[in-house]
Amino acid sequence: MLTYLAANSAQQCGPCRFGLPAVADDFTTLADGRATPELLDRLRHRIGLLHGRGACGHPDGTARLAASALTAFEADVDQHLTHGHCRRPTTLPVPPPARTEHRT
Ligand code: SF4
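Residues numbered from 1 in each chain as written. Predicted model: local features only at pLDDT ≥ 70, side-chain atom pairs only at ≥ 80, totals over all residues. Heavy atoms only, no water.

1. Side note on the overall build of the protein chain
Across its full length, the protein chain holds 5 helices and 0 strands. Counting from the amino terminus, helix and strand elements in the protein chain follow one another as α-α-α-α-α. With respect to the three principal axes, the spread of C-alpha positions in the protein chain is 60 × 40 × 20 Å. Residues classed as buried in the protein chain amount to 27% of the 104 residues present. Within the protein chain, counting contacts between residues at least 6 apart in sequence, those at least 24 apart form 56% of the total. A total of about 7600 Å² of accessible surface is found on the protein chain, and carbon and sulfur atoms cover 55% of it. For the protein chain, the centre of its 11 positive side-chain charges and the centre of its 10 negative side-chain charges are spaced 6 Å apart. (Helix = DSSP H or I, 4+ residues; strand = E, 2+ residues; numbered from the N terminus. Buried < 20%, exposed > 50% of the residue type's maximum accessible area, 1.4 Å probe, protein only. Contact = heavy atoms within 4.5 Å. Areas by Shrake-Rupley, 256 points an atom, 1.4 Å probe, with all protein chains shown as cover. Lys, Arg positive; Asp, Glu negative; His and termini not counted. Charge placed at Lys NZ, Arg CZ, Asp CG, Glu CD.)

Here it is, written out as structure tokens:
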């Protein structure tokens, strides 16, 4: 989700051009089990730098999402730091599209 948000901006402002991709990369490293405590400190610092730096609220909202994820999934973050994974599925099934009846 953070990679999507980082990729879907005009990238005209500093936080969207540099900050959001860096935060998304750090989350990917964390999810892949390659993070260190230093990376997590850097990630929190980077998230804190995003607020109020863009011309619109896109980086602010993305930063809130990232910070919320670190808080809401704190136990999973710890598992990724210590064991490289949290044993949760990394992909989720996509439900099929709802059927619509065509009336003629
Ligand atoms: S901060 Fe807003 S206006 Fe600036 S590049 Fe990001 S999305 Fe575009």
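Past the structure itself, the notes keep going.
2. Considering the environment of Leu-43
Checked against the element boundaries, Leu-43 lands in helix H3 (residues 37-50). Separated by 13 residues in the primary sequence, Leu-43 and Leu-30 have C-alpha atoms spaced 9.8 Å apart. If sequence neighbours within four positions are ignored, Leu-43 has contacts with Val-23, Asp-26, Phe-27 and Leu-70.

3. Examining the site of the ligand
The full set of residues close to the ligand is Ser-9, Gln-11, Gln-12, Cys-13, Cys-16, Gly-54, Ala-55, Cys-56, His-58 and Pro-59. Considering only residue class, the shell around the ligand consists of 5 nonpolar, 5 polar and no charged. (Near = heavy atom within 4 Å. Nonpolar A, V, L, I, M, F, W, Y, C, P; charged D, E, K, R; others polar.)

4. Comments concerning the pattern of salt bridges
Within the structure shown, the criterion is met by 4 salt bridges. Where Asp-26 meets Arg-46, a salt bridge forms, and the shortest distance between an N and an O atom there is 2.9 Å. A residue pair is termed long-range when its members are at least 10 positions apart, and Asp-26 in helix H2 (residues 14-31) and Arg-46 in helix H3 qualify at 20 residues. A relative accessible area of 2% places Asp-26 in the buried class. (Salt bridge = Lys/Arg side-chain N within 4 Å of Asp/Glu carboxyl O.)

5. Looking at helix H5 (residues 74-83)
Among all positions in H5, only Asp-76, Val-77 and His-80 are buried. Looking down the long axis of H5, one finds its buried residues gathered within 105 degrees of arc, a one-sided arrangement. Opposite the buried face of H5, at more than 90 degrees from it, the exposed residues are Ala-75, Thr-82 and His-83. As for H5, its buried residues are in contact with H2, H3 and helix H4 (58-72). (Arc of directions from axis to C-beta.)

6. Side note on unusual backbone geometry
Positive phi outside glycine occurs at Gln-11, with the angle close to 55 degrees. Classification of Gln-11 by relative accessible area gives partly exposed; the value is 28%.

7. Some remarks on the layout of surface pockets
Roughly 810 Å³ of internal volume is contained in the largest pocket. What lines the largest pocket is a set of 22 residues, and nearest its centre among them are Phe-27, Ala-31, Ala-69, Phe-73 and His-80. Every element with two or more residues in the lining of the largest pocket is listed here: helix H1 (2-7), H2, H4 and H5. It is H2 that contributes the most residues to the lining of the largest pocket, 5 residues altogether. Per-class residue counts for the lining of the largest pocket are 14 nonpolar, 5 polar and 3 charged. (1 Å grid on protein atoms, 1.4 Å probe; cavity = no way out; pocket = protein on both sides within 12 Å on 5 of 7 lines; lining within 4 Å. Points joined across faces, edges and corners; volume = space filled by probe spheres on them.)

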